[in-house]
Every structure is written in structure tokens, then in C-alpha cells.
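Remarks on the overall topology
Here are the chains, one letter per residue:
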Amino acid sequence: EAAAYDPLISWLADAEGVQLNATSSLVVEQPPAAAAAAARVLGAADDWTLAALDSVTGSCKSFVLALALCRRRLSAREVCVAA
């Protein structure tokens, strides 16, 4: 998982300003600024993008993968493989 997610976590920080911690467990504590940064990204999204993010996040259980797909950082196939 680290091979797939680490570059995406770095991309998310660089491109969107959302700093997230990675973990291999089910529980992870995120930096306090992460929620505000994610809210800023979501607040700037149009309705179609929000709908896509909702659908893909639910399917893949990953906001990072959903945003990477919506930003065309990854293809749908790459997202499915990474999920």
C-alpha cells in the first residue's frame, strides 16, 4: 500500500495543501490543519465534482484516491488497483 499511497499523499500535500498522515492500521490521527485544508478543497469543488468525489470515496474508501481521480492524477483503472 505504501508504494501506491505515499506518492499520492505527497502529491496531495504539494498540489492541494492537504497534509495527511499515512498508517497501516484502521485508526490514524490527522494533523489539525488537515480537516480545514480538505474543507477548502471540497468548498472549491463544483456540484459535479462533489458528486464524483462522494461516489468514488464511498467505493474506494479513500478521499485521496477519489481526489486523484477527479484531478486526473490517476486513471480509473489505477484507482481501482490502488484501492
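Residues numbered from 1 in each chain as written. Predicted model: local features only at pLDDT ≥ 70, side-chain atom pairs only at ≥ 80, totals over all residues. Heavy atoms only, no water.

1. Here's the deal with the pattern of salt bridges
This is how it is decided: Here, a salt bridge means any Lys or Arg side-chain nitrogen found within 4 Å of an Asp or Glu carboxyl oxygen. The numbering of helices and of strands both runs from the N terminus, where a helix is a DSSP run of H or I of at least 4 residues and a strand a run of E of at least 2. A simple rule labels every residue: compare its accessible area, found with a 1.4 Å probe on the protein chains alone, to the largest value its type can have, and call it buried under 20%, exposed over 50%, or partly exposed in between.
Counted under the stated rule, the structure contains one salt bridge. Residues E16 and R71 are paired through a salt bridge, measuring 2.6 Å at the closest nitrogen-oxygen approach. Within this pair, whereas E16 is found in helix 1 (residues 2-16), its partner R71 is found in the loop between helix 4 (63-70) and helix 5 (76-82), the two being separated by 55 residues in sequence. Accessibility expressed as a relative area gives 13% for E16, which makes it buried.

2. A look at helix 4
Short version of the rule: Contact criterion: two residues are considered in contact whenever any of their non-hydrogen atoms come within 4.5 Å of each other. In protein, a polar contact means a hydrogen-donor-capable atom and an acceptor-capable atom, both N or O and within 3.5 Å, with residues adjacent in sequence counting only if both atoms are side-chain atoms; elsewhere, any N or O pair within 3.5 Å suffices.
Here helix 4 has its buried residues at V64, L65, A66, L67 and A68. Its buried side turned inward, helix 4 meets helix 1, helix 2 (32-43), helix 3 (47-60) and helix 5. With a side-chain oxygen positioned 3.4 Å from the backbone nitrogen of V64, the residue opening helix 4 is S62. Count one or two residues on from helix 4 and you reach R72, which has phi positive near 60°.

3. Concerning unusual backbone geometry
Non-glycine residue K61 carries a positive phi angle of around 60°. By relative accessible area, which is 70% here, K61 ends up exposed. Its identity is not glycine, yet R72 carries a phi of approximately 60°, on the positive side. Its location among the elements puts R72 in the loop between helix 4 and helix 5.

4. Some remarks on the layout of surface pockets
Where we set the bar: Two kinds of site are reported from a 1 Å grid over the protein atoms alone, namely cavities, where a 1.4 Å probe fits but cannot get out, and pockets, open sets with protein on both sides within 12 Å along at least five of seven lines, and residues are called lining when an atom falls within 4 Å of a point. Grid points are joined across faces, edges and corners, and a volume is the space filled by probe spheres set on the points. Here the nonpolar group is Ala, Val, Leu, Ile, Met, Phe, Trp, Tyr, Cys and Pro; Asp, Glu, Lys and Arg are the charged ones; every other residue, Gly included, is treated as polar.
For the largest pocket, the calculated volume is near 520 Å³. In terms of lining residues, the largest pocket is bounded by 22 residues, among which E1, Y5, T23, S25 and S62 are the most central. Put simply, the parts of the chain that give the lining of the largest pocket at least two residues each are helix 1 and helix 4. Among the elements that take part in the lining of the largest pocket, helix 1 stands out by supplying four residues, more than any other. The residue makeup of the lining of the largest pocket, split by class, is 13 nonpolar, six polar and three charged.

Remember that the coordinates give geometry; whether it matters functionally is a separate question.
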